[in-house]
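Structural description and commentary
Listed here are the chains, written in short residue letters.
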Amino acid sequence: MQLSEQEIIRRQSMDELNKLGINPYPAELFEVNVTSQEIHSNYPQREYKDVSLAGRIMTRRIMGNASFAELQDETGRIQVYFRRDDISPSEDKTLYNIVFKKLLDIGDIIGVKGFVFTTQTGEVSIHVTEFKVLSKSLRPLPIVKETKDEQGNVVLHDAFTDPEQRYRMRYVDLIVNPQVRDAFVKRTQLVNSMRSYLTNKGYLEVETPILQPLYGGAAAKPFKTHHNSLDMTLYLRIANELYLKRLIVGGFNGVYEFSKDFRNEGMSRFHNPEFTQVELYVAYKDYYWMMDLVEEMIEKVALDLHGTTEVKVGENVINFKRPWKRFTMYEAIQHFTGIDISEMDEVALRETCKQLHVPADATMGKGKLIDQIFGEKCEHELVQPTFITDYPLEMSPLAKKHRSKPGLVERFEAICNRKEICNSFSELNDPIDQRKRFEEQLELGKRGDEEAMTLDEDFLRSLEYGMPPTAGLGIGIDRLSMVMTNSPSIQDVIFFPQMKPEKNNEADPQKEFEAAGIRVELIPILIKLGIQSMAQLKEIKPSKIFNDIPGMWKKLKLDSVQNPTLQEIEGWQRKVVG
RNA sequence: GAUCUCGUAGCUCAGCUGGUAGAGCAUUACACUUUUAAUGUAAGGGUCCUGGGUUCGAAUCCCAGCGGGGUCACCA
């Protein structure tokens, strides 16, 4: 591994600490009795005479015998004030002059003890009387500085913004970009809010298999894996719907699961291969009832997260206050296109698509055409939360046929910020009808539809024992989190979004040189000289290497290394075969 | 998958028609006892993503690859 100048200096500082008897990674706990946020919100109403606080050094301003630094803990930052004669009261000023000023860096984690005061410039600070190194940071952190403009808004300078780096090294992103943390905290609050809502209603949180012998409950391509001792194919679940319904058959009145699901499909700012849904099934209810629940629950989520039902998302303010607008799909299409398609047959629908410039191909049936028109002409118009109800039968093999509208099912989606955030239906509990629908899916599969559902015999058997009328719901947690945190990309609400692996230089010159018997202390010098392999080394004149090495180790300020002799270098080169 | 675009110091970014690689912050040294994007003086730091090609000469132009981002397609 090739270290940058700054990394080398930090490692040297670490060694110095050790030499001074200071363990840069002490084992014992450090007692913390206050957070930066508590001090900021309570001081000076409350006095803080004896604080003990730990955090990461984020800025340093050294001014001779006094210094300022900012420590960042989980709740924010606070300025700390170091004065030489407080840190090192005796004649020996090492602790201040050497340890604090020279050996500590931005990024190091320290604990401080002292008292809170206000500086002449009005900054609430901790006057440090003692400090302790808790963890030495060996890599330089991206330095983000902030100022305030006339309006008091925080302006960031040199912000750590490269999306690739931010997602690959989320830990760094979280350290230097505090707003990132906020989005994730809100995501967890969102889940907690839903969980408490559902638990208070008396529903049971359950766990169902992630590894499934048959994948079902949605139309998507799965990830496939293999179980060795059973010697069988297993799939990572694309949904948990069929298992939760089995539990309803088993007699639970309401079950829900926050589930990680996996879909082997394209990625975009709305799609990650693994994502989170909450699915809920409640017996003896229908989709109208479920709409009321969704409104109530999401309104509560907004209130819990923001204290108001209004949430700013991009350019829009979205208001989750109940009741939400409700459209049937036909009404929505009529509303946005002026065309009533409710009585149209397939031919007329195809003609309508042409008229509206909606792309349609010959394989699309009636249901698909309707869905296509909706997707093209309506969905992106829906910013405020809106329920769209009564979908074409063909698109919904697990939903119950509509009680009064032939060709439709009792299904709704909630659309918000132009995207689906939930999907729900009166669940199909007629085992004969369900079998027929699965068989139609199998037909689609045979015709090449990779996302057609498989027939799950055990699920059908459970329905044959009798499932009560049930309302089911799925909410995309990632999508909803994006809305609730005003995040434009799903990667902003998933800590570690899927990415291609980092390119790592497969050749490891260190190991290769070691294997050739080159003295370890000379290897970094060779690498620094741009020699990356033994093959490369062989091409260079021994006398050149002989001359270059002393120059480079002086440059790197390494402790005295015994220079290789010309014979030694020639010996290395002889080891290269060919 | 298609297409556009980006890849230069630890971070943010300049680098014109091809001519010895630049700035700010960060780092190092010195000064400074209430600073706050601290300041002043000085210094060090680069595989210009990788590999080919054109050229006397490539960070710059061309081709291929790798990685990222945007848009579209796919994903009910």
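Everything numeric in this text was worked out from a predicted model, so none of it was measured.

**Things to note about the overall build of chain A**
Along the backbone of chain A there are 20 helices and 20 strands. Once local pairs closer than 6 in sequence are excluded, the contacts in chain A between residues at least 24 apart make up 61%.

**Points about the protein's contact with RNA strand B**
In the vicinity of RNA strand B there are 56 residues, among which T121, A219, E265, H271 and M395 approach most closely. Near the protein, within 4 Å, the atoms of RNA strand B are sugar or phosphate in 57% of cases. Measuring from a base oxygen of RNA strand B, one finds a side-chain N or O atom of D85 at 3.4 Å. Within the contact set of RNA strand B, a phosphate oxygen lies 2.6 Å away from a side-chain nitrogen or oxygen of K102. In terms of residue count, the dominant contributor to the surface near RNA strand B is helix α5 (residues 163-168) (4 residues). Residue composition of the surface near RNA strand B, grouped by class: 18 nonpolar, 15 polar and 23 charged.

**Details of helix α11 (residues 346-356)**
Among all positions in α11, only L349, T352, C353 and L356 are buried. Here the buried residues of α11 occupy an arc of 105° about the axis, which is enough to place them on one side. Seen from the open side of α11, the exposed residues pointing more than 90 degrees away from its buried face are V347, K354 and Q355.

**A few points about the pattern of salt bridges**
Enumeration over the complete set of coordinates arrives at 38 salt bridges. Between E257 and R237 there is a salt bridge whose closest N-O contact spans 3.2 Å. Of this pair, E257 sits in strand β12 (residues 254-262) while R237 is found in the loop between β11 (232-236) and α8 (241-249), placing the two residues 20 residues apart along the sequence. Judged by its relative accessible area of 4%, E257 falls in the buried class.

**A look at the sheet that holds strand β20 (residues 470-476)**
Read from one edge of the open sheet, 8 strands run β8-β12-β13-β20-β19-β18-β17-β16, paired in mixed fashion. Two strands lie at the open edges of the sheet, namely β8 (204-205) and β16 (325-328), each paired on one side alone. Across 2 bridges, the pairing between β8 and β12 is parallel. The residue bridging L204 from the neighbouring strand is V255, located in β12. Against the sheet, α8 contacts β12, β13 (274-283), β19 (419-426) and β20, and its axis sits at roughly 25° relative to β13. Contacts from helix α10 (residues 329-337) reach β16, β17 (386-392) and β18 (408-416) within the one sheet, and its direction differs from that of β16 by about 95°.

**Some remarks on the packing of α8 against helix α14 (residues 457-465)**
With their axes 9 Å apart at the nearest point, α8 and α14 run at an angle of 25° to one another. Accordingly, the angle class assigned to the pair α8 and α14 is roughly parallel. Handedness of the α8/α14 crossing: left-handed. Along its contact with α8, which presents L242, K245, R246 and V249, the element α14 presents D458, F459, S462 and Y465. For the contact of α8 with α14, the per-class residue count stands at 4 nonpolar, 1 polar and 3 charged.

**Describing the packing of aromatic side chains**
Following the criterion strictly, the structure yields 17 aromatic pairs and no others. Arranged with centres 3.9 Å apart and planes meeting at 10°, the rings of F184 and F495 form a pair that is stacked. Here the residue F184 occupies a position in helix α7 (residues 178-200), and F495 occupies one in the loop between α15 (477-484) and α16 (509-515), the gap between them amounting to 311 residues. Between F438 and F459, the ring centres sit 6.3 Å apart and the planes meet at 75°, which makes this aromatic pair edge-to-face. With F438 in helix α13 (residues 431-446) and F459 in helix α14, the pair connects residues that are 21 residues apart, well separated along the chain. What links up through ring pairs into an aromatic cluster is the set F68, Y81, F115 and F117. Over the ring of F100 we find R60, and its NZ or CZ is 5.7 Å from the ring centre. The side chain of K419 reaches across the aromatic face of F270, ending 4.3 Å from its centre.

**A word on the pairing of β13**
Counting buried positions over the 10 residues of β13 gives 9, a clear majority of the element. Across 9 bridges, the pairing between β12 and β13 is antiparallel. Residue F258 lies in a different strand from β13, and its bridge partner there is V278. Note: β13 against β20, 7 bridges, orientation antiparallel. Pairing of V278 across the sheet is with I475, part of β20.

**What about helix α9 (residues 287-306)?**
Taking 1.5 Å per residue, 20 residues should reach 28 Å; α9 reaches 28 Å between its end C-alpha atoms and fits that length. Among the residues of α9, those classed as buried are Y287, M290, M291, L293, V294, E295, M297, I298, E299, V301, A302 and L305. At the N-terminal boundary of α9, the capping side chain belongs to D286, with an oxygen 3.2 Å from the backbone nitrogen of Y288. Phi turns positive, to about 75°, at G307, one or two residues after α9.

**Quick look at unusual backbone geometry**
Between Y43 and the following residue, P44, the backbone shows a cis peptide bond with an omega angle of 5°. Within the fold, P44 resides in the loop between α2 (36-42) and β1 (51-62). With an omega dihedral of -10°, the bond running from R322 to P323 counts as a cis peptide bond.

**Description of the packing of α13 against α14**
Two elements in contact, α13 and α14, have axes whose closest approach is 9 Å; the angle formed by their N-to-C orientations is 160°. The orientation of α13 with respect to α14, classified from their angle, is roughly antiparallel. Two packed elements cross with a definite hand, and for α13 against α14 that hand is right-handed. From α13, P431, Q434, R435 and F438 reach across to α14, where they touch E457, F459, L460, L463 and E464. Across the contact of α13 with α14, the residue classes break down as 5 nonpolar, 1 polar and 3 charged.

Parameters at a glance
- Residues numbered from 1 in each chain as written.
- Chains lettered and ligands numbered in written order.
- Predicted model: local features only at pLDDT ≥ 70, side-chain atom pairs only at ≥ 80, totals over all residues.
- Heavy atoms only, no water.
- Helix = DSSP H or I, 4+ residues; strand = E, 2+ residues; numbered from the N terminus.
- Contact = heavy atoms within 4.5 Å.
- Near = heavy atom within 4 Å.
- Polar contact = N/O pair within 3.5 Å; in protein donor to acceptor, adjacent residues only side chain to side chain.
- Nonpolar A, V, L, I, M, F, W, Y, C, P; charged D, E, K, R; others polar.
- Buried < 20%, exposed > 50% of the residue type's maximum accessible area, 1.4 Å probe, protein only.
- Arc of directions from axis to C-beta.
- Salt bridge = Lys/Arg side-chain N within 4 Å of Asp/Glu carboxyl O.
- Pairing = 2+ DSSP bridges.
- Axes fitted to C-alpha atoms, helices over the stretch in contact; angles between N-to-C directions.
- Parallel < 35°, antiparallel > 145°, perpendicular 65-115°, else oblique.
- Left-handed = near helix turned anticlockwise from the far one by under 90°.
- Phe/Tyr/Trp six-rings, centres within 6.5 Å; stacked < 30°, edge-to-face > 60°.
- Lys NZ or Arg CZ within 6 Å of the ring centre and 35° of its normal.
- Expected span 1.5 Å × (residues − 1).

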